[in-house]
Every structure is written in structure tokens, then in C-alpha cells.
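If you want the building blocks of each chain, they are given just below.
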Amino acid sequence: MGSLWRECAGTHRTPGSRSPIPKGVGVWECWWRRAVVSMAAALGMPPFVPAAAARSLFARSAARWRAPFSRAAAPRRFQLPSSRPRVPPSRPLYNFASRDDKIQAPEDQSEIIFIGTGTSEGIPRVSCLTNQSKTCKVCSKAIELGNKNRRLNTSILIRYVNSVGRFNILVDAGKFFYHSALRWFPAYGLQNIDAVIITHSHADAIGGLDDLRDWTNNVQPFIPIYVAQRDFEVMKKTHYYIVDTSVIVAGAAVSELQFNVIKEEPFVIHDLKVTPLPVWHGHGYRSLGFRFGDICYISDVSDIPEETYMLLKDCDLLILDALRPDRSSSTHFGLPRALEEVRKIQPRRTLFTGMMHLMDHDEINEELAKLLKSEGLDVQLSYDGLRVPVNL
Ligand SMILES: [Zn+2]
Ligand SMILES: [Zn+2]
């Protein structure tokens, strides 16, 4: 065992040496793991079984050693929010409570995954947690991981299944894309990004383009981006080094994006027809919604031009902007206007998105549920991580 100890110590003094022990493993853990593996080898066990067991044994034993000094032992008043659940990546990290969550989409079932459902600043708002003179009910709830009021930038992922395979088509990658992807990609077994469609060029829709480099460095060679000309012009300024990679220093890693300029007419991604739904997002500023099959998605809208209503006919699921409960802003529908539009468009079902911190998930949904009885309107707020099986 003494030679094993020297070997482990040596491993860490020789950077880059070809060791069976992963980087970042300390001498003690290295010794522990290899001791278990070699004992198991003597008993004729395959190496991966004892290696995994050694990892877990070491983790438990190390936790016991650390226990008296851990956060758990600190006075309750100073306790940090350390309750991040340690769950295997294949399990979702939130509470199952909705009818949609209970439906596990089969492998061959297309689905919409709500990557984010909140407004630009995210919920909770930092200022709501730091202002001693006011109490924000929604942001207080949203601190808790798994609470449905916790919302990041509006975005959906269409997990599209056809006879050729499964494709992940993302709509928007905003400022918080990394955090959303970290939460939902491992949880839902998502790996590649086969296309990104851009609704408009505000930071909460394109701020995460830089983070796509993790995919193009480590998962796939490039990502096709579908973007309107006016938004591509904005990207040439905000993300100039991604659009024109000749300006970057040789060897520096940036996202490898392939830009496809779209017009306000249908286009096809992996056999899926995508129809742009042009809308106004503030006076004189155009944003695009998109229709996939009978699913219509409009995340940023203050007014719908008359010609776009034609494209919204026979909509099965409408996903629509609803910023706040009382009124519209100059750039977004509020809930009353959004409901007016639902009555006009008459989709079979509607899920609202893009909610700010004045929208309490459970309270608003309780009120909206009454509209099903009174008017036959199936309307609810969506939430981050919601998955809805769809036919495309
Ligand atoms: Zn708040
Ligand atoms: Zn916007």
C-alpha cells in the first residue's frame, strides 16, 4: 500500500501524466480508489464496479470527516441555500405537479420544452431580494429551486421526431441561456442543438449566442442559426467576432455558427416547416413568432398585424406573451390583452410565457382555470422546464 501511496502522490506532481485517476482527484482519494480496485481485482471483479463503489465510499467517508465544519453545522441564521438537489442527470430537477409533467414523452414523440418563461431580468429580481423596505411575494417564492415562479429568459426547444431521427430546434438563446441549458439539457437527456431560430435581437433573445461555443467545441461542428436580416445586422455589431471569425486571434475558441437569413415566409428545418408570424414588439419594431405544425409561438408582442391572424388559424396550441396581470406595456401584451387575443384567435389551448414578477404562478393559474368553465378557454401560465407532447 506504501508504493500505491507514492504512486498517487507522484501522479499529482507530474501534470499531464497518463494516470487512470481523473484530474482533480486528491492523493487520499486516489489511494482509496486504487486500493479498492486492486483488492477487487484480486477477487476477480471487473474494474468499473469497484471504481464506482470506491468513488461513492470515498464521498461518504469524506463527507463524514467534513461534517463538523460543513454548512449544515452552521447556525441556521447564516445557512446558505445549499439545498441544490444531488440527483442523477436523467431525473428532472423540479417538482412534478402539472398534467403535462406526468406525461412522459416516448422516444418517438415530438415535444415542446419550455427552456425559459420569464422576462428579461429573470425572476427572482435581485432588487426584490435586496430592498429591505418591500416584500415581493413572487420573488420570495422564486428563490426556491423548483418553484414555478422561478423564470429565466423566454425560450422554447422543439424536440422534433421524424422518420430520419430526433432534432432539437431551439427558439432564442438569451442572456441566461447557459443557466437554462445547465438545468434542462442534462435533466431531459438533450445533447445536440440542430438549429436556433431567432425571434428578434434583444439581449434576452440573442445574449446567449456566445455560450453556444460549448456545443460547437465539444458536441457538434457548427450550429445553423435562422435569423431575419434586420436582426443579423444587429448581431454583426453585438457578436461581430462570431459573425466574422477572421477577426479573432488564431486558436481562440468562439461559437461556430452558420447564419441563414430568413424572410417573413415559410422555411424548412430538417423537414419541419416553420412559418414566421410577424408581430410588433413596440412601436415600429418587428419581432417574429413562429408556427410549427399547429403550434404557434409568439413570445414578444405588443400588437398583431391583421395579415398575421391569417397564419394563426386552426391553432392547436398557442404560446403567447403575457408580461403582467393588470395591463400591457409599450412592448408586451399584459394578461387582459393576451386573453382578448386568445378569444379572437381561438386556439384549442393556450400557454402564456414571458411573465414578470407580478405574475404569481399558482394564483393566476387558479383564476385562469375559471375561464375554462365560464368561457371554455383553456388558458394557463407555462413555467420553466414544462414539457408538452405535440404532434408535428
Ligand atoms: Zn419581485
Ligand atoms: Zn424583446
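Provided above is the structure to which this section pertains.
These notes cover the structure that comes with them. Bear in mind the structure is a predicted one, so any value in this text is a computation, not a measurement. (Residues numbered from 1 in each chain as written. Chains lettered and ligands numbered in written order. Predicted model: local features only at pLDDT ≥ 70, side-chain atom pairs only at ≥ 80, totals over all residues.)

Helix and strand counts for the chain stand at 13 helices and 14 strands. Counting the 392 residues in the chain, one finds 36% classified as buried. Within the chain, counting contacts between residues at least 6 apart in sequence, those at least 24 apart form 63% of the total. (Helix = DSSP H or I, 4+ residues; strand = E, 2+ residues; numbered from the N terminus. Buried ≥ 20, exposed ≤ 12 C-beta atoms within 10 Å, placed from the backbone. Contact = placed C-beta atoms within 7 Å.)

To continue, consider the nonpolar core. Across soluble globular proteins, you tend to see nonpolar side chains buried next to one another. One finds Ile156, Val196, Ile197 and Cys296 to be the most contacted residues of the largest nonpolar core, which totals 76 residues. When neighbours within four sequence positions are excluded, Cys296 is seen to be in contact with Leu277, Gly289, Arg291, Leu312, Cys315, Leu318 and Ile319. (Core = buried A, V, L, I, M, F, W, Y, C linked by C-beta atoms within 7 Å.)

Bringing the sheet that holds strand β9 (residues 286-292) into the picture now. Spatial strand order, β7-β8-β9-β10-β11-β12-β13: seven strands in an open sheet with mixed pairing. On the outer flanks of this sheet lie β7 (267-269) and β13 (379-381), each paired with one strand and no other. Adjacent strand axes in the sheet meet at a mean angle of 25° when their direction is disregarded. Two elements, β7 and strand β8 (residues 272-280), share three bridges in a ladder whose sense is antiparallel. Across the sheet, Ile269 pairs through a bridge with Leu272, a residue of β8. (Pairing = 2+ DSSP bridges. Axes fitted to C-alpha atoms, helices over the stretch in contact; angles between N-to-C directions.)

A word on the sheet that holds strand β4 (residues 195-197). Across the sheet, which stays open at both edges, the seven strands sit in the order β6-β5-β4-β3-β2-β1-β14 with mixed pairing between neighbours. A single partner strand is all that each edge strand has here, and the edge strands are β6 (257-262) and β14 (387-389). Averaged over all pairs of adjacent strands, the angle between strand axes in this sheet comes to 20°, irrespective of strand direction. In terms of strand pairing, strand β1 (residues 111-116) meets β14 through three bridges, oriented antiparallel. Its bridge partner being in β14, Ile113 is matched across the sheet by Arg387. Relative to the sheet, helix α9 (residues 229-238) contacts β5 (223-228) and β6, its axis offset from that of β5 by approximately 115°.

Another point: the pairing of strand β10 (residues 295-298). Alternating positions in β10 separate into two faces, Ile295 and Tyr297 on one and Cys296 and Ile298 on the other, with burial throughout. As judged from the three bridges shared by β9 and β10, these two strands associate in the antiparallel manner. Opposite Arg291, over in β10, you have Cys296 as the bridge partner. The loop that links β9 with its antiparallel partner β10 comprises two residues; one of these, Gly293, has a positive phi angle of about 55°. Across four bridges, the pairing between β10 and strand β11 (residues 317-321) is parallel. By the bridge assignment for β11, Ile295 is matched with Leu317.

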